[in-house]
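As a plain string of letters, each chain reads:
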Amino acid sequence: NWIVLNDSETNIIWSITTEKHPAHSTAIKRTFVKRDGQLFSQMNVLCGASKETCDQVVAQFRQIDLDMREKFQP
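Residues numbered from 1 in each chain as written. Predicted model: local features only at pLDDT ≥ 70, side-chain atom pairs only at ≥ 80, totals over all residues. Heavy atoms only, no water.

Attention now goes to a nonpolar patch on the surface. Where nonpolar side chains cluster on the molecular surface, the patch consists of I3, L5 and W14 and spans about 280 Å² of accessible area. Inspection of the secondary structure puts W14 in strand β2 (residues 12-17). (Patch = residues over 30% accessible without salt bridge, like charges linked within 9 Å, V, L, I, M, F, W, Y side chains within 5 Å. Areas by Shrake-Rupley, 256 points an atom, 1.4 Å probe, with all protein chains shown as cover. Salt bridge = Lys/Arg side-chain N within 4 Å of Asp/Glu carboxyl O. Helix = DSSP H or I, 4+ residues; strand = E, 2+ residues; numbered from the N terminus.)

This is the structure in structure tokens:
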């Protein structure tokens, strides 16, 4: 229920809900940067659902980013 666009040149991933997703209409932009040898992400969220639903989506993406960071860190 997501459309995901990956721009490898800018290290940006866009995640956009489809109409079937409970958080529709939501768009999440995550920018990944390496600083001091560590991977960091900056997340911008535009959420058109209830606060509770939006908070759940943000928590899920934070967990995804943490898992990704652990996977790619030495």
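Take the state of the cysteines next. All chains considered together, the criterion is met by 1 disulfide. Two residues, C47 and C54, share a disulfide whose sulfurs are 1.9 Å apart. Because the torsion about its S-S bond is -85°, the bridge between C47 and C54 counts as left-handed. For C54, a relative accessible area of 11% gives the class buried. (Disulfide = S-S within 2.5 Å. Buried < 20%, exposed > 50% of the residue type's maximum accessible area, 1.4 Å probe, protein only.)

Another aspect to go through is the pairing of β2. Bridge count for strand β1 (residues 2-7) against β2 is 6 bridges, and the pairing is antiparallel. Bridging from a neighbouring strand, L5 pairs with W14 of β2. By the bridge criterion, 5 bridges tie β2 to strand β3 (residues 26-35) in an arrangement that is antiparallel. Bridged to S15 within β3 is I28. (Pairing = 2+ DSSP bridges.)

The subject of this paragraph is the packing of aromatic side chains. For the coordinates displayed, the defined rule picks out 1 aromatic pair. Between W2 and F61, the ring centres sit 5.2 Å apart and the planes meet at 65°, which makes this aromatic pair edge-to-face. In this pair, W2 sits in strand β1 while F61 sits in helix α1 (residues 51-72), placing the two residues 59 residues apart along the sequence. Here the guanidinium or amino end of R35 rests over the ring plane of F40, the centre of that ring lying 4.6 Å away. Between the NZ or CZ atom of R69 and the centre of the ring of F40, over which it lies, the distance is 4.6 Å. (Phe/Tyr/Trp six-rings, centres within 6.5 Å; stacked < 30°, edge-to-face > 60°. Lys NZ or Arg CZ within 6 Å of the ring centre and 35° of its normal.)

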